[in-house]
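# Structure assessment
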Amino acid sequence: MRRFGIVLLATLALAACTPPPPTVGPDGKPLPRVYRISKGDTAEVQFRMLDSVNSLRRAKGAPDLKLNSQLTAAAATHSRDMSVQNRPWHFGSDGSSPVTRVQRAGYNGTMKGENISETYETELETLAAWMEKSDTRNVILDPGARDLGFSWFQEPGGKIWWTLITGAPSSFQTAGAL
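What counts as what
- Residues numbered from 1 in each chain as written.
- Predicted model: local features only at pLDDT ≥ 70, side-chain atom pairs only at ≥ 80, totals over all residues.
- Heavy atoms only, no water.
- Helix = DSSP H or I, 4+ residues; strand = E, 2+ residues; numbered from the N terminus.
- Buried < 20%, exposed > 50% of the residue type's maximum accessible area, 1.4 Å probe, protein only.
- Contact = heavy atoms within 4.5 Å.
- Areas by Shrake-Rupley, 256 points an atom, 1.4 Å probe, with all protein chains shown as cover.
- Pairing = 2+ DSSP bridges.
- Axes fitted to C-alpha atoms, helices over the stretch in contact; angles between N-to-C directions.
- Parallel < 35°, antiparallel > 145°, perpendicular 65-115°, else oblique.
- Left-handed = near helix turned anticlockwise from the far one by under 90°.
- Nonpolar A, V, L, I, M, F, W, Y, C, P; charged D, E, K, R; others polar.
- Phe/Tyr/Trp six-rings, centres within 6.5 Å; stacked < 30°, edge-to-face > 60°.
- Lys NZ or Arg CZ within 6 Å of the ring centre and 35° of its normal.

A few words now on the overall build of the protein. A count of helical and extended segments in the protein gives six helices and four strands. Order of helices (α) and strands (β) in the protein, N terminus to C terminus: α-α-β-α-α-β-α-α-β-β. Expressed as a percentage of the 178 residues in the protein, the buried residues total 39%. The long-range fraction of contacts in the protein, counting pairs at least 24 apart against all pairs at least 6 apart in sequence, stands at 66%. By element, 58% of the accessible surface of the protein is carried by carbon and sulfur atoms, the whole surface being about 10500 Å².

Below, the discussion takes up the sheet that holds strand S1 (residues 66-67). The four strands lie next to each other as S1-S3-S4-S2, forming an open sheet whose pairing is mixed. For this open sheet the edge positions go to S1 and strand S2 (110-119), each flanked by a neighbour on one side alone. Here S1 pairs with strand S3 (residues 147-154) via two bridges, running parallel. Paired with Lys66 across the strands is Asp147, a residue of S3. With respect to the sheet, helix H5 (residues 123-132) is in contact with S2, S3 and strand S4 (160-168), its orientation differing from that of S2 by roughly 115 degrees.

Let us look at the side chain of Ser117. Its place among the elements puts Ser117 in strand S2. In this structure Ser117 comes out as buried when scored by relative accessible area, which is 16%. Residue contacts for Ser117: discarding those within four places in its chain leaves Thr126, Trp130, Ile160, Trp161 and Trp162.

One way to put it is that helix H2 (residues 42-59) packs onto H5 with a least axis distance of 10 Å and a crossing angle of 30 degrees. Between H2 and H5, the angle is such that the two are roughly parallel. As for the relative orientation of H2 and H5, their crossing is right-handed in sense. Taken together, the residues of H5 that come into contact with H2 (itself represented by Val45, Arg48, Met49, Ser52, Val53 and Leu56) are Glu123, Leu124, Leu127, Trp130 and Met131. Classifying every residue of the contact of H2 with H5 by side-chain character gives eight nonpolar, one polar and two charged.

As a further point, take the packing of aromatic side chains. A full pass over the atoms with the stated rule returns four aromatic pairs. Aromatic side chains Phe150 and Trp152 sit 5.8 Å apart centroid to centroid with 50 degrees between the ring planes, which places their arrangement in the tilted category. You'll find Phe150 and Trp152 in the same group, each marked buried. Taken together, a centroid distance of 5.4 Å and an interplanar angle of 10 degrees make the contact between Phe150 and Trp162 stacked. One end of the pair, Phe150, is in strand S3; the other, Trp162, is in strand S4, with twelve residues separating them in the sequence. With a relative accessible area of 0%, Trp162 lands in the buried category. An aromatic cluster is present here, built from Phe150, Trp152 and Trp162 joined pairwise through their rings. Positioned above the aromatic ring of Trp89 is the side chain of Arg87, whose terminal nitrogen or guanidinium carbon lies 3.8 Å from the ring centre.

Here S2 lies mainly inside the structure; seven of its ten residues are buried. By the bridge criterion, nine bridges tie S2 to S4 in an arrangement that is antiparallel. Looking at the pairing, Met111 lines up with Gly167 of S4.

So this is what it looks like as structure tokens:
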């Protein structure tokens, strides 16, 4: 009986060390884990995106972007609005276009492009997905862009609405830049 007790305790101890099996979806693939972003992570997430975008741009010979507060404000407004509308699209619930939102935010330059996404993925996974499609990749790599706005809205359930906006300051003048 004593041996049985020792074996039972050893078995229970080993079972406690085994991680729980991953939760899988109907397709047999592991379900994504919710990526939570706290308010204190804002600068870290934005600069991680900026650094990653600039690395991709350098590899293609495009100049670095700098984070712009007006474009970021326009991105934040649109991310929240997409959540309210419960659909990823480029027009606001008031019918506003990306250009209108950038102007409302006080950006005096030219809006170059906007990428949006509805996902549970990290900012870098979202960037990788944008790089897979030519239209969203072109926004990121546009050699005429100099400014970046990047923000998101995360719903309580974890869904994240991402918005990335590029622009060129009005004082920036080169062939093809504006």
